[in-house]
Amino acid sequence: MRSTVSDPPVVSARDDGSRRRELATFLLIAFGVPWLLWLLRLRTGVDVVAAGGMLAAGLATFVAVRWVGRPASIPRDTALAPLRPAGRLVRYCGIAFVVPLVLAFLAVAIGALAGVYPLDLENFSGLRSVYAPEAAHETGVPVGLILSALATGFGLFVLLLPLAFCEEWAWRGFLLPRLRPLGPWPALLLSGLIWGLWHLPGYAGTNATAGLVPFLVTTVFFGVLLGWLRLASGLIWPGVIAHAVNNTLITGFVNVVFAAGDQRALSDPWTVGLSGWPGWLVMLATVAVLVVTGAFRRAAVPDGPGRERRPRRWRRILAAFLAVAGIAALAGASAEHSLAPADARRFPAPGRLVGVGTHQLHLRCLGSGWPTVVFESGWGDSSTTWDDLQRRSAASGQRSCAYDRAGYAWSRPGPGVRDVSAEADDLAALLRNAGERGPYVFVGHSWGGHVLRVFRARRPGSVAGLVLLDVADERSGANPAALATVQANVWSFLAGVGLLRTGAWMTDPREPRLTRDNVPVVFGPGTWAAAAAEMRGYEASTRTVQDLPREPGSWGSLPLTVVSAAGDRETAEHHARIARLSTLGRHVVASSTDHYLHLADPALVAREIRRVTGQARRNGVSSAR
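The rules behind each value
Residues numbered from 1 in each chain as written. Predicted model: local features only at pLDDT ≥ 70, side-chain atom pairs only at ≥ 80, totals over all residues. Heavy atoms only, no water. Salt bridge = Lys/Arg side-chain N within 4 Å of Asp/Glu carboxyl O. Helix = DSSP H or I, 4+ residues; strand = E, 2+ residues; numbered from the N terminus. 1 Å grid on protein atoms, 1.4 Å probe; cavity = no way out; pocket = protein on both sides within 12 Å on 5 of 7 lines; lining within 4 Å. Points joined across faces, edges and corners; volume = space filled by probe spheres on them. Nonpolar A, V, L, I, M, F, W, Y, C, P; charged D, E, K, R; others polar. Phe/Tyr/Trp six-rings, centres within 6.5 Å; stacked < 30°, edge-to-face > 60°. Buried < 20%, exposed > 50% of the residue type's maximum accessible area, 1.4 Å probe, protein only.

A.B. asks: I'd like a rundown of the pattern of salt bridges, residues and numbers included.
C.D. replies: For side chains bearing opposite charge, pairing can occur when the charged atoms are close. Evaluation of the coordinates by the stated rule reveals 20 salt bridges. Put simply, R399 and E436 hold a salt bridge, and the shortest N to O gap is 2.8 Å. With R399 in the loop between α15 (387–395) and β4 (400–403) and E436 in the loop between α16 (420–434) and β5 (440–445), this pair connects stretches of sequence that are 37 residues apart. Among the salt bridges present, the one from R586 reaches E608, with a minimum N-O distance of 3.2 Å. Of this pair, R586 sits in strand β8 (residues 585–589) while E608 sits in helix α25 (residues 602–618), and the two are 22 residues apart along the sequence. Taken together, the shared-partner salt bridges connect E376, R405, E423 and E534 into one network.

A.B. asks: Describe the environment of G94, with residues and values.
C.D. replies: The topology assignment puts G94 in helix α4 (residues 86–113). Once the C-alpha coordinates of G94 and A242 are considered, the two residues, 148 residues apart in sequence, prove to be 9.4 Å apart.

A.B. asks: Tell me about empty space enclosed by the protein, residues and numbers included.
C.D. replies: Any empty space left between atoms is shown by rolling a water-sized probe over those atoms. The final tally for this structure, using the stated rule, is 1 cavity of 30 Å³ or more. Counted as a void, the largest cavity has a volume near 30 Å³. Taken together, R453, A457, L548, P549, W555 and L581 make up the lining of the largest cavity. Of the residues assigned to the lining of the largest cavity, the class counts are 5 nonpolar, no polar and 1 charged.

A.B. asks: Mind laying out the packing of aromatic side chains, listing which residues take part and the relevant values?
C.D. replies: The relative placement of two aromatic rings is captured by the distance of their centres and the angle of their planes. All told, the structure shown has 17 aromatic pairs when counted by the stated rule. Both rings, one in F154 and one in F157, keep their centres 5.6 Å apart while their planes meet at 40 degrees; by these two values the pair is tilted. Highlighted residues: F154 and F157, both in helix α6 (residues 143–178), separated by 3 residues, approximately one helical turn. Since its relative accessible area comes to 45%, F154 is described here as partly exposed. On the basis of an interplanar angle of 65 degrees and a centroid distance of 5.7 Å, the ring pair of Y440 and F442 is categorised as edge-to-face. For the residue pair Y440 and F442, the accessibility class agrees, reading buried in each case.

A.B. asks: Requested: an account of unusual backbone geometry, with residues and values cited.
C.D. replies: Following A81, the chain continues into P82 via a peptide bond in cis, with omega recorded as 5 degrees. With respect to the helices and strands, P82 occurs in the loop between α3 (74–77) and α4. The omega angle of the peptide bond from G438 to P439 is -5 degrees, so this bond is cis rather than trans. Relative to the helices and strands, P439 resides in the loop between α16 and β5. Notably, R70 is not glycine yet its phi reads approximately 50 degrees, a positive angle. With respect to the secondary-structure elements, R70 resides in the loop between α2 (49–69) and α3. We classify R70 as exposed; its relative accessible area is 58%. A positive phi is found at A79, a non-glycine position, where the angle reads about 65 degrees. Judged by its relative accessible area of 1%, A79 is buried.

So far we have only geometry, and geometry alone does not tell us how the molecule works.
Below, the structure is given as structure tokens:
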């Protein structure tokens, strides 16, 4: 599809010195005047920073082009003309008026569906509180108030057009062409960032300072869309209309569709309207559509001083990809930042938090009976991975408990190095403080096997039996810590930019429903930070396990099953040696090569758990508190 962007007209080039003087003059006035007005507000309390700053941007443009740049035609040089063909101008002005309103509607809808803020489209309590506080408790659709709000919003839109013109003349009419040598995408993104930083005097020293970062993201996003209007139409006038719509009609729309009592939604800069993460998502989608449909394909920043440098095609593609990816990451990170505080409400812990001294661990127990089966998860996994086995045990009259190690899922991070010694101590404190009866039958997978072997060595009287599932090999000459840390950091980044909130796509489909319903917590940034911390203690952990007794029979007659995944003979032989540590040890090689045996062959795992718990009872191990 052909680009909708017009090729820029060819004008005479100016020397680099003149271009630098012109740009320096513009920036000095555009940025200097708002800061002078900020000092005026600081000294006198008179606040004209917003309106004065917008006028200053227009003044800076006029001075720079009239007395420094001196182009042959100021209107053409700054995209004020040509106004013909009129149809083109009318078409893009219509787009500029309607599309921002549609994007705002979609952003509010996304925010409402995500539960970030409630809407009241039945009684319009927010609208009543703004325009008719005396009727705040009335019900029904207030048609008169809606018409009044629309009229007020349109009136403000008309009044703001001159100030919006000053800004668009400055940022899209003057600055955008001067950044042209950088290439189209860098020019669009940088002009949006400079535009955002220009607003800093409006935030400095106020209680709105926390909103500066999300505002900068918004100006980059919205600046790209305004820049496209400038490129596609060849004029700044559509951008003037879109700018005024955003500052008046959209703000009014957002303020009146919320429920009246939801002040948080209206004050949170990370969520509200186009200036929050729902707005960033819809603007990102719009930019993506423009790119895919070719609207930016032939986009060259509007002509101005200097000769345009056209990057090679692969550089343009790379720049576009990096720009979209970067903006998407910013939007996703902001969404994650906004939603994470509500995770405790949206994804409540299925168990309870138990204090273990410096921190709390999440413990979930089901069923009744003795001995209690305690599940120990592998690296990167949480307690929810055992849900199906826990429910199966509970149905057969067996009590079982699963927990999250420090930092995983609902558990709080622990202090110091998170090696297997610290984790074994945490486990002992957890079971003691939770009041669970011991001794216990433990089931450990992979890294969890290390924790349980250390636990048994230090507290043999608390262990009635063990089932170890494809446990990690502490003898391995290769150190997987570096690769695992990279993996943890990658997943932590993906969680940090909100990708894991898009669904359970990264989870094994065999995982229990409890895992898939709680992905933002189970595989959130906290879990992967904890996983990375475990890998930082990898060498200390493996040394601790390597120093454990290895003589056959050294575990006495402890009921024990070690299950190996099929396919790795050397690992299976190692597992067989672990099984020989007990005179009742049993080594089983599964038919599946899958490391996650509790997901690949849950019937086998359940059978071995029943066998070991049965042996524990027959051994006559007395329960103790």
